[in-house]
Amino acid sequence: MKLRYVAEARQGLSHVRNTAIETVVGQADFLCFIDDDETASERWLDEMITTQREANAECVCGAIRYAMPSETPDWVRKGHFFDAPPILNDGSEALSRGSNNIMISCNFLRRTGHRFDPRFNHAGGEDEFFLYTAQEKYELKIAGAARAVVTENVFPNRVNLEWIVRRKFRYGNTLALCERLNHAPFSRLLLRAVKGTGRIALGFIMLPSYFVPHSSMLA
């Protein structure tokens, strides 16, 4: 298998991802994205291709598992902060919001000219916006591939309150930007605000239980 490395001189995740697209879009049928801190399972690519053919899908989304470090605090494990949305059935429609395990049709990319938005270059969330817009604007259908698994190794410096809060805030902020930049109706924006407020309130209510030892709760 021949490997080709391409250097992108411009800083920014959108520039990097768009360069990857332009490098292969004219000579390949599909393009896969996987993050640099992930490890693909042995049959990852086979399962992606199998699901694509069975579902005749322009985009396939695989499953993500997280390998937590041994020093992960109990409250982080109980909070399921690193759990990925489940991929239930091969070929069933999935609502993907990230490019850390996807395969997308180069024909779709050629036909629509859809690319990663440079406005997200340094803020992150460019992949969520890319897929959200593809689904909303171009009606891209994403098929789930439950057996196309990648494992992401969570670094020890990420299993703390500060990093988790910042990550969740950025994710919520990205969702809000996706809807505003795609001119979502006011009712959806209002629903997003209500959900966000409710989750904050629920977090404060549940917070004490994460610091109470199991022995005290069972006594």
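As a reminder, the structure under discussion sits directly above these lines.
Residues numbered from 1 in each chain as written. Predicted model: local features only at pLDDT ≥ 70, side-chain atom pairs only at ≥ 80, totals over all residues. Heavy atoms only, no water.

**A short note on the overall build of the protein**
Looking only at helices and strands, one finds eight helices and five strands in the protein. Start at the N end of the protein and walk to the C end: the helices and strands fall as α-β-β-α-β-α-β-α-α-β-α-α-α. For the C-alpha atoms alone, the extent of the protein along its principal axes is close to 65 × 45 × 40 Å. When each of the 219 residues of the protein is scored for burial, the buried share is 36%. In the protein, once contacts between residues fewer than 6 apart in sequence are set aside, the share between residues at least 24 apart is 81%. Surface accessibility of the protein: about 13,800 Å² in total, with carbon and sulfur atoms responsible for 56%. (Helix = DSSP H or I, 4+ residues; strand = E, 2+ residues; numbered from the N terminus. Buried < 20%, exposed > 50% of the residue type's maximum accessible area, 1.4 Å probe, protein only. Contact = heavy atoms within 4.5 Å. Areas by Shrake-Rupley, 256 points an atom, 1.4 Å probe, with all protein chains shown as cover.)

**Some points on helix H5 (residues 126–138)**
Here H5 is 13 residues long and its end C-alpha atoms lie 17 Å apart, about the 18 Å a rise of 1.5 Å per residue gives. Within H5, 10 of the 13 residues are buried, leaving the element largely enclosed by the surrounding structure. Just past H5, the residue glutamate 139 takes up positive phi, approximately 55°. (Expected span 1.5 Å × (residues − 1).)

**Describing the packing of aromatic side chains**
If you walk through the whole model with that rule in mind, you get seven aromatic pairs. In textbook terms, an aromatic cluster arises when at least three aromatic residues are bridged by ring pairs, as seen for Phe33, Phe116 and Phe130. (Phe/Tyr/Trp six-rings, centres within 6.5 Å; stacked < 30°, edge-to-face > 60°.)

**Overview of helix H1 (residues 13–24)**
The terminal C-alpha atoms of H1, which comprises 12 residues, lie 17 Å apart, in line with the 16 Å expected from a rise of 1.5 Å per residue. Listed in full, the buried residues belonging to H1 are Ser14, His15, Arg17, Asn18, Thr19 and Ile21.

**Describing a nonpolar patch on the surface**
On the surface, Met1, Leu3 and Tyr5 cluster together into a nonpolar patch covering about 550 Å² of accessible area. Considering the arrangement of structural elements, one finds methionine 1 in the segment before H1. (Patch = residues over 30% accessible without salt bridge, like charges linked within 9 Å, V, L, I, M, F, W, Y side chains within 5 Å. Salt bridge = Lys/Arg side-chain N within 4 Å of Asp/Glu carboxyl O.)

**What about the side chain of threonine 51?**
Considering the arrangement of structural elements, one finds threonine 51 in helix H2 (residues 44–55). Once you skip the residues sitting within four places of it in the chain, threonine 51 turns out to touch Asn56, Val60, Asp90, Gly91, Ala143, Gly144 and Ala145.

**With respect to the packing of H5 against helix H6 (residues 161–181)**
Axis separation between H5 and H6 bottoms out at 10 Å; the angle between their running directions is 35°. Here H5 and H6 pass one another in a crossing that is right-handed. From H5, Glu128, Phe129 and Tyr132 reach across to H6, where they touch Arg170, Tyr171, Thr174, Leu177, Cys178, Glu179 and Leu181. The class makeup of the residues in the contact of H5 with H6 is six nonpolar, one polar and three charged. (Axes fitted to C-alpha atoms, helices over the stretch in contact; angles between N-to-C directions. Left-handed = near helix turned anticlockwise from the far one by under 90°. Nonpolar A, V, L, I, M, F, W, Y, C, P; charged D, E, K, R; others polar.)

**Some details on the sheet that holds strand E1 (residues 30–34)**
Pairing is mixed in the open sheet, where five strands are placed in the order E1-E4-E3-E5-E2. Across the chains shown, the open sheet's two edge strands, defined by having one partner strand only, are E1 and strand E2 (38–40). Shown here is a sheet whose adjacent strand axes are inclined to one another by a mean of 30°, direction ignored. Inspection of the sheet shows strand E3 (residues 59–67) paired to strand E4 (residues 101–105) by three bridges, in the antiparallel sense. Bridge pairing in E4 places valine 60 opposite methionine 103. Its contacts with the sheet place H2 against E1, E2, E3, E4 and strand E5 (142–153), and it is angled at close to 165° to E5. (Pairing = 2+ DSSP bridges.)

**Topic: the pairing of E4**
Of all five residues in E4, five are buried; the element is thus mostly enclosed. Of the two faces of E4, the one carrying Asn101, Met103 and Ser105 and the one carrying Ile102 and Ile104 are both buried. Sheet topology note: the E1/E4 ladder contains five bridges and is antiparallel. In the strand pairing of E4, phenylalanine 33 is matched with isoleucine 102.

**Overview of the pairing of E5**
By the bridge criterion, three bridges tie E2 to E5 in an arrangement that is antiparallel. When the sheet's bridge partners are listed, glutamate 38 is paired in E5 with glutamate 152. When E3 meets E5, the two strands line up parallel, connected through nine bridges. Residue pairing for E5: glycine 62 is matched across the bridge by alanine 145.

Don't take any of this as a statement about function, it's just geometry.
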